[in-house]
Amino acid sequence: MALLLPKRIKYRKAFRGKRRGPARGGTRLAFGEFGLKALENGWITAAQIEACRVAISRSLTRGGKSWLRIFPDKPCTVHGQEKPMGSGKGLVDHWVAVVKRGRILFEVSGIPEVLVREAFRFAACKLPLRTRMVTRREEAGV
């Protein structure tokens, strides 16, 4: 299982940042017929993204295509268990994607809606935030 992480970064360690407000981009379907949209703000780790990707791709055995719309580009640091206070910021432990509400996380096309609903249900169980499925018909207002 090869987890996602950036090849190169400008700074090795990042500030925690703010996780409030709606998403500014990536809120509409761009590739597929169906999408999984975040309803809350939060961080999604590279392991969680990979688990969702596997869950969705298992449902696409009858053809179909899936797209990943988020990438973990923020480093999360941790200190050792028995480390005293002070002595700087810890080492990079894992990578996360900052997700704000309204962001499309995954997209799928080429399979029936019933199968997509089931695939997204499995994927949503592996995420730390609430999600809902959106379709191209909904976006068009039909």
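Just above, that's the structure.
As a starting point, this report considers the structure included with it. Small disclaimer: the values here were computed from a predicted structure and weren't measured.

The rules behind these values
Residues numbered from 1 in each chain as written. Predicted model: local features only at pLDDT ≥ 70, side-chain atom pairs only at ≥ 80, totals over all residues. Heavy atoms only, no water. Helix = DSSP H or I, 4+ residues; strand = E, 2+ residues; numbered from the N terminus. Buried < 20%, exposed > 50% of the residue type's maximum accessible area, 1.4 Å probe, protein only. Contact = heavy atoms within 4.5 Å. Pairing = 2+ DSSP bridges. Axes fitted to C-alpha atoms, helices over the stretch in contact; angles between N-to-C directions. Salt bridge = Lys/Arg side-chain N within 4 Å of Asp/Glu carboxyl O. Expected span 1.5 Å × (residues − 1). Arc of directions from axis to C-beta. Core = buried A, V, L, I, M, F, W, Y, C linked by side-chain atoms within 4.5 Å.

Within the protein chain, the secondary structure is distributed over three helices and seven strands. Taken from the N to the C terminus, the helices and strands of the protein chain come in the order β-β-α-β-β-β-β-α-β-α. Dimensions of the protein chain along its principal axes, counting C-alpha atoms only, are 55 × 30 × 25 Å. Split into buried and exposed, the 142 residues of the protein chain put 35% on the buried side. Pairs at least 24 residues apart make up 81% of the contacts formed inside the protein chain by residues separated by at least 6 positions.

So, about the sheet that holds strand E6 (residues 104-109). Strands sit in the order E3-E6-E1-E7 across an open sheet of four strands; the sheet is antiparallel. A single partner strand is all that each edge strand has here, and the edge strands are strand E3 (65-68) and strand E7 (131-135). When strand polarity is set aside, the average angle formed by the axes of neighbouring strands in this sheet is 20 degrees. With four bridges connecting them, E3 and E6 associate as antiparallel partners. Directly across from Ser 66, in E6, lies its bridge partner Val 108. Helix H1 (residues 46-59) contacts E3 and E6 of the sheet and is inclined by roughly 15 degrees relative to E6.

Within this structure, the stated rule accounts for eight salt bridges. The residue Arg 130 makes a salt bridge to Glu 40 at a minimum N-O spacing of 3.1 Å. Here the residue Arg 130 occupies a position in the loop between helix H2 (113-124) and E7, and Glu 40 occupies one in the loop between strand E1 (34-38) and strand E2 (42-45), the gap between them amounting to 90 residues. Between Arg 137 and Glu 113 there is a salt bridge, with its nearest N and O atoms 3.4 Å apart. Within this pair, whereas Arg 137 is found in helix H3 (residues 136-140), its partner Glu 113 is found in helix H2, the two being separated by 24 residues in sequence. Taking the relative accessible area as the measure of exposure, Arg 137 reaches 51% and is therefore exposed.

Under the 1.5 Å per step criterion, the end-to-end length of H2 is 16 Å for 12 residues, consistent within 8% with the ideal 16 Å. For H2, every residue scored as buried is listed here: Val 116, Ala 119, Phe 120 and Ala 123. Looking down the long axis of H2, one finds its buried residues gathered within 95 degrees of arc, a one-sided arrangement. Residues of H2 that are buried in the fold lie against E1, H1, E6 and E7.

This part is about the pairing of E2. By the alternation rule, side chains of E2 split into Gly 42 and Ile 44 and Trp 43 and Thr 45, which are all buried. Relative to strand E5 (residues 91-99), E2 is paired through four bridges, and the arrangement is antiparallel. Paired with Trp 43 across the strands is Val 98, a residue of E5.

With that settled, the discussion passes to the nonpolar core. Core analysis: the biggest nonpolar cluster contains 21 residues, and Ile 44, Leu 105 and Phe 120 have the highest contact counts within it. Residues within four places of Phe 120 in sequence aside, it is in contact with Phe 34, Gly 35, Leu 36, Ile 56, Phe 106, Val 108 and Met 133.

Turning next to the environment of Leu 39. Looking at where Leu 39 falls in the secondary structure, it is placed in the loop between E1 and E2. When the C-alpha atoms of Leu 39 and Trp 67 are compared, they prove to be 19 Å apart, with 28 residues separating the residues in sequence.

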